[in-house]
Amino acid sequence: MFDMSVLKDAITAVIASVAVVSAVYAEEPPRAAWVDRAERDLAAVHQLIASAHPGTIDKQNSGFTAWTEQGYRQARQLALRVNSARDAQAVLGFYISGFKDGHVGVYHPGKGQSSWAGFLADMRGERFVVTHVAQAWPVPLPPIDSEVLSCDGKAARGVLADEISPYIDRRLNLKSTWHHLASHLTVDDASFPVLARKRAGHCLIVLPNGVQQDFALSWQEDRGQLKGLLTQPQPRQGVTNLGGGRYWVHASNFAPSADENAALESMLDQLRHMDDAKLIVLDTRGNRGGNSLVGARILSALWGEPFVERLGRSSHSYAMWRVSPLALATLSSALTSIESDYGKHSDPYKFVSGMRDSMSAALVNKDDWLRQADTPSLDQNHAKVTDQETFKGQLVLVTDSYCASACLDFADAVLAVPGVTHFGLSTSADTLYIDIGSQVLPSGAQFWLPLKVWRGRARGNNQGYDPQYVFDGDINDTPAVQKWVLGHF
């Protein structure tokens, strides 16, 4: 006689096995689609680098081409592990970070949600210090000013260097990089995903009173708190008269919109009439670059056109554009924006118009390089300015860890003034490749890359500036920074 329980078990097993097989087949098409998406984006980035980036034909940088190909192969291998849009984004980040260049990047408009463990860390000196704590969380959180020693038994520095850095920023020789990586200890950022990331389960913390304590971590999806915490504040550009001949200048925006240009003109007018100035603080916190000519205009307003012209004459640097259809399209697009903001009779319009025409002719001639005409910009010069007509009072430069591109051009010029004092945090750094163009990838992400290279620049490749006085607090706290700086004078 047949045992019905055995038959039921057999039928259940068959149904279960069919369900598993069906599930496998149901998962395969989406996974294959994500792998295909990652591979197509990688191929597009590789092609753009090869056809438009100056590094791939730069005989002075043989290592660039090596990563272009080697990194591409490594990223394609990682792409085989992709199982989601987030994974595909992580693989692209892995390839891009290998160029060690802040001017090479990607923006994903459809990124998912970030998650975090309820507290944030920042780099303070050589320590990873808790700077923000959620108001309510399922588990106890370490208090502000605690130090994060390790997570899951691995030193915090090791976690960032080995697991996070390869997907975000590999320039571990820069102090600014550690500031930017620190928050990733307890944040799984949707903008900077790590492939197959294993979120830490607990961290060893030193409390402000010196006691060590192990904290279990509870990762929660962000509900809108992280954006404000991770977004770098940008002080409003302008001049503050602190009295007694002391002026605080927020040079925080070198990419002003058409509406912000009026405020810039008002600021420049103020700078031209600071005849009683004994102390001028040029504060670049919040400045991530933009147009170097804005920085040149600020210095011209302070010390006159001859000051900036002398910088240009004493500089031996010049720029070479990689000739490409992307460069031509970028110049054409820039020309449209400049016409809208400044008009066809402005100097910026005339300059870019000339460059566009030259680029068009170079494409027809199948040239590799196009030399940029000299301009009265800051052009990364280090030569000390000794003219006695320059400002005789005390000059201060304040930077944060995001100062790059045109902000660094500005720092080059300011630090060339005799007697200047540098406060704040170590700056970021640039490669010799600058001026970006962008193109949409097959996935819809926006990829950008530099189109020209500096020759003869005094500041080296990926070289930043370390201040004489380092701020050991919240660099975004303007009253605290002002009190600290002014306390030295």
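Residues numbered from 1 in each chain as written. Predicted model: local features only at pLDDT ≥ 70, side-chain atom pairs only at ≥ 80, totals over all residues. Heavy atoms only, no water.

Undergrad: Would you mind showing me how to read the overall build of the protein here?
TA: From N to C terminus, the protein includes 13 helices and 20 strands. Counting every position in the protein, which comprises 489 residues, the buried fraction comes to 49%. The long-range fraction of contacts in the protein, counting pairs at least 24 apart against all pairs at least 6 apart in sequence, stands at 73%. Roughly 23200 Å² of accessible area belongs to the protein as shown, and the carbon and sulfur atoms make up 52% of that amount. (Helix = DSSP H or I, 4+ residues; strand = E, 2+ residues; numbered from the N terminus. Buried < 20%, exposed > 50% of the residue type's maximum accessible area, 1.4 Å probe, protein only. Contact = heavy atoms within 4.5 Å. Areas by Shrake-Rupley, 256 points an atom, 1.4 Å probe, with all protein chains shown as cover.)

Undergrad: Please explain the pairing of strand E5 (residues 147-151) as it appears in this structure.
TA: Side chains on a regular strand alternate between the two faces of the sheet. Across the five residues of E5, four count as buried, placing the element largely inside the fold. For E5 and strand E8 (residues 202-206), the ladder comprises four bridges, and the chain directions are antiparallel. For Glu147, the partnering residue across the bridge sits in E8 and is Val206. In textbook terms, the turn of a hairpin is the stretch between consecutive antiparallel strands, and for E5 and strand E6 (residues 154-155) this stretch comprises two residues, one of which, Asp152, has a positive phi near 55°. (Pairing = 2+ DSSP bridges.)

Undergrad: Mind showing me how you'd approach the state of the cysteines here?
TA: Inspection of the entire model under this criterion finds two disulfides. In this model Cys403 forms its disulfide with Cys407; the gap between the sulfur atoms is 2.1 Å. In this structure the cystine formed by Cys403 and Cys407 twists about its S-S bond by roughly -105°; its chirality is therefore left-handed. Taking the relative accessible area as the measure of exposure, Cys403 reaches 0% and is therefore buried. The class of Cys407 is buried, set by a relative accessible area of 1%. Shown here for the protein is a disulfide pattern of 1-2, 3-4, where each number marks a bonded cysteine counted in sequence order. (Disulfide = S-S within 2.5 Å.)

Undergrad: Could you clarify how one ought to interpret the packing of aromatic side chains in this entry?
TA: Taken as a whole and judged by the stated rule, the model has 14 aromatic pairs. Judged by centre distance (5.8 Å) and plane angle (65°), the rings of Phe64 and Tyr433 are edge-to-face. With Phe64 in helix H2 (residues 62-79) and Tyr433 in strand E18 (residues 433-440), this pair connects stretches of sequence that are 369 residues apart. Just as Phe64 is buried, Tyr433 falls in that class too. Ring centres of Tyr72 and Tyr95 lie 6.0 Å apart, and the angle between their planes is 45°; this geometry places the pair in the tilted category. (Phe/Tyr/Trp six-rings, centres within 6.5 Å; stacked < 30°, edge-to-face > 60°.)

Undergrad: Can you help me understand the nonpolar core in this one?
TA: Soluble globular proteins: nonpolar side chains tend toward being buried together. If you look at the biggest cluster of nonpolar residues, it comprises 78 residues, and the most contacted ones within it are Phe128, Val148 and Phe447. The residues touching Val148, leaving out its near neighbours within four places in the chain, are Phe119, Ala121, Phe128, Val130, Ala156, Leu185, Cys203, Leu204 and Ile205. Among the nonpolar cores identified, the runner-up in size contains 34 residues, and Ala251, Cys403, Val414 and Leu415 belong to it. (Core = buried A, V, L, I, M, F, W, Y, C linked by side-chain atoms within 4.5 Å.)

Undergrad: How do you make sense of the pattern of salt bridges when you look at a structure like this?
TA: As a working rule, side chains carrying opposite charge can pair if their charged atoms are close by. Under the definition given, this model contains 17 salt bridges. Close ionic contact of Asp409 with Arg459 constitutes a salt bridge, the shortest N to O distance being 3.4 Å. Of this pair, Asp409 sits in helix H12 (residues 406-414) while Arg459 sits in the loop between strand E19 (446-455) and strand E20 (469-470), and the two are 50 residues apart along the sequence. A relative accessible area of 6% places Asp409 in the buried class. (Salt bridge = Lys/Arg side-chain N within 4 Å of Asp/Glu carboxyl O.)

Undergrad: What is the right way to read the side chain of Arg457 from this model?
TA: Relative to the elements of secondary structure, Arg457 occurs in the loop between E19 and E20. Among buried charged residues, Arg457 stands out as having no salt bridge; its nearest opposite-charge side chain is Asp430, 4.7 Å away. At 3.4 Å, the side chain of Arg457 and the backbone oxygen of Thr431 are in polar contact. Engagement of the side chain of Arg457 in a polar contact is seen with the backbone oxygen of Gly460, the distance being 2.9 Å. (Lys, Arg positive; Asp, Glu negative; His and termini not counted. Polar contact = N/O pair within 3.5 Å; in protein donor to acceptor, adjacent residues only side chain to side chain.)

Undergrad: Can you walk me through the pairing of strand E11 (residues 238-243) in this structure?
TA: Across five bridges, the pairing between E11 and strand E12 (residues 246-250) is antiparallel. Looking across to E12, one finds that Val239 is bridged to Val249. Once E11 ends, the chain turns through two residues before running back antiparallel as E12, passing Gly244 with a positive phi of about 65°.

Undergrad: Mind showing me how you'd approach the environment of Cys203 here?
TA: Mapped onto the fold, Cys203 is located in strand E8. Cys203 gets classed as buried once you look at its relative accessible area, which sits at 0%. Sequence separation between Cys203 and Gln213 is 10 residues; the distance between their C-alpha atoms is 8.4 Å. Here Cys203 is in contact with Val148, Ser150, Cys151, Gln213, Asp214, Phe215 and Leu217, once residues within four sequence places are set aside.

Undergrad: Would you explain the sheet that holds strand E2 (residues 115-116) in this entry?
TA: Paired through their backbone hydrogen bonds, the strands of a sheet run either parallel or antiparallel. A sheet is described by the order of its strands in space; here three strands give the open sequence E7-E2-E10, paired in antiparallel fashion. Bordering the open sheet on either side are strand E7 (187-188) and strand E10 (220-221), each of which pairs with just one other strand. Both E2 and E10 contribute to a ladder of two bridges, which runs antiparallel. Across the sheet, residue Ser115 finds its bridge partner in E10, namely Glu221.

Undergrad: Looking at this structure, how should I read the sheet that holds E11?
TA: One open sheet holds the six strands; their spatial order is E11-E12-E13-E16-E17-E20, and the pairing between them is mixed. On the outer flanks of this sheet lie E11 and E20, each paired with one strand and no other. Taken together, the five bridges between E12 and strand E13 (residues 279-283) define a ladder with parallel strand orientation. Each residue of the ladder has a partner; that of Arg246, found in E13, is Leu279.

Undergrad: I tried to follow unusual backbone geometry on my own but got confused; where do I start?
TA: If a residue is not glycine, its phi is most likely negative; likewise, a peptide bond is most likely trans. One non-glycine residue, Asp435, lies in the positive phi region at around 55°. Among the secondary structure elements, Asp435 is positioned in strand E18. Its identity as a non-glycine residue notwithstanding, Asn462 has a phi of 55°, on the positive side. Looking at where Asn462 falls in the secondary structure, it is placed in the loop between E19 and E20.

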